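Okay, here's what each chain looks like letter by letter:
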Amino acid sequence: MIEPGTVWLVGAGPGDPDLLTRKAERLICAASVVFHDALVGQGVLDLVPRQVRLVPVGKRSGRHSKDQKTIDAMIVEAALAGERVVRLKGGDPSIFGRSTEELEACLTHGVPVHICPGVTAASAAAASAGLSLTLRGMARRLTLVTAHTRAGAGVDLDWKALADPQATLAVYMGKAAAGEVSAGLIGAGLPGDTPVLLIENASLPGESQFRTRLDLLPIAAKAALGDGPAVILVGQAVATPAKPGGACAGETPLSAYQRL
Ligand code: SAH
């Protein structure tokens, strides 16, 4: 399934191994070496056969264990040595996954490279909360945005373009920038009572979900979120869970944040 000397960029999904595609699982099993991110779930790593070399190249915000150029060089070198290379990335490789650098590095060195998609965090978060990211007539647009910044820099986003009451906004890597996201969107005209859902560790055993509103987001993010990866969903669509009563596991009542 993988030719020697070839690289596959493979989406590992949000963490739950049952959310891995069948193709991703087959690629993992056919690899001779798997380079994986820190965000790839343990349940997924457990599917890697013993004879396959497993190499962590994890990057977590502010704690880069390997820089991007080193990772590019490692996968190219392995492919040029004739290995069957899987580069396993959290979620979908094409969404905030630095896959362009790895694709370019492979192409520059004449290494054949392919992509296997995965379930992205926003989709997993919506599924866990039992809601739809789009809503007929109310949420016609879905925007995926990263609030990650280089150390010391402010969040540089076009708030006017993002403050669309008919859109759902999924903010990746937004925990540290929750204050800026809230102020930026409200400053650009989005109402302070716009519904917000915070989901940490979506699809994983430690998953938690918290409902709040845009003006309370900074307090809510501080109070509710821990160390795990979290996605912030903003917009009218997140106020309409499919479950009766709108209850979701681990929900913190809005009033708790209003009192803070
Ligand atoms: N390629 C990935 C995103 C990588 S950026 C994807 O498609 O999902 C890393 C960010 O993704 C995290 O900071 C967080 O915002 C989000 N994320 C990844 N896994 C997550 C999970 N299980 N639950 C919630 N957010 C997650």
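Residues numbered from 1 in each chain as written. Predicted model: local features only at pLDDT ≥ 70, side-chain atom pairs only at ≥ 80, totals over all residues. Heavy atoms only, no water.

Undergrad: Which parts of the structure should I look at to understand the confidence of the model for the protein chain?
TA: Low-confidence regions, as indicated by low pLDDT, have predicted coordinates that should not be scrutinised in detail. Per-residue pLDDT for the protein chain averages 91, and the proportion of residues at 70 or more is 90%. Taken as a whole, residues 244-260 scores under 50 in pLDDT and shows 28 contacts with residues more than four places along the chain or in a different chain. (pLDDT = per-residue confidence, 0-100. Contact = heavy atoms within 4.5 Å.)

Undergrad: How do you make sense of the nonpolar core when you look at a structure like this?
TA: Grouped burial of nonpolar side chains is what soluble globular proteins tend to show. Of all hydrophobic cores here, the largest spans 25 residues; its most connected members are Val-181, Leu-185, Leu-198, Leu-217 and Val-234. Only helix 6 (159-162), strand 9 (167-172), helix 7 (178-187), strand 10 (195-200), helix 8 (217-224) and strand 12 (230-234) provide two or more residues apiece to this core. Take this core: its biggest share by element is 4 residues, from helix 8. Contact partners of Leu-198, with chain neighbours within four places excluded, come to Ser-208, Gln-209, Phe-210, Leu-217, Ala-220, Ala-221, Leu-225, Val-231 and Ile-232. Counting 19 residues, the second largest nonpolar core, distinct from the first, contains Ala-12, Leu-45, Val-52 and Cys-116. (Core = buried A, V, L, I, M, F, W, Y, C linked by side-chain atoms within 4.5 Å. Buried < 20%, exposed > 50% of the residue type's maximum accessible area, 1.4 Å probe, protein only. Helix = DSSP H or I, 4+ residues; strand = E, 2+ residues; numbered from the N terminus.)

Undergrad: Any chance you could explain the sheet that holds strand 1 (residues 7-11) here in plain terms?
TA: By way of backbone hydrogen bonds, the strands of a sheet pair with one another, either parallel or antiparallel. The parallel open sheet is built from 5 strands, whose spatial order is 3-2-6-1-7. Whereas interior strands pair on both sides, the edge strands pair on one side only; in this sheet they are strand 3 (53-56) and strand 7 (113-116). Across the sheet, the axes of successive neighbouring strands diverge by a mean angle of 20°, strand direction being ignored. Judged from the 4 bridges that link them, strand 2 (residues 33-36) and strand 6 (residues 85-89) form a sheet pairing that is parallel. The partner of Val-34 across the bridge, within strand 6, is Val-86. Of the strands in this sheet, strand 1, strand 2, strand 3 and strand 6 touch helix 3 (residues 68-80), which is tilted by about 150° from strand 6. (Pairing = 2+ DSSP bridges. Axes fitted to C-alpha atoms, helices over the stretch in contact; angles between N-to-C directions.)

Undergrad: What is the right way to look at the pattern of salt bridges in this model?
TA: As a working rule, side chains carrying opposite charge can pair if their charged atoms are close by. All told, the structure shown has 8 salt bridges when counted by the stated rule. A salt bridge links Glu-83 to Arg-53; the nearest nitrogen and oxygen atoms lie 2.7 Å apart. Of this pair, Glu-83 sits in the loop between helix 3 and strand 6 while Arg-53 sits in strand 3, placing them 30 residues apart in sequence. Among the salt bridges present, the one from Arg-87 reaches Glu-102, with a minimum N-O distance of 3.1 Å. (Salt bridge = Lys/Arg side-chain N within 4 Å of Asp/Glu carboxyl O.)

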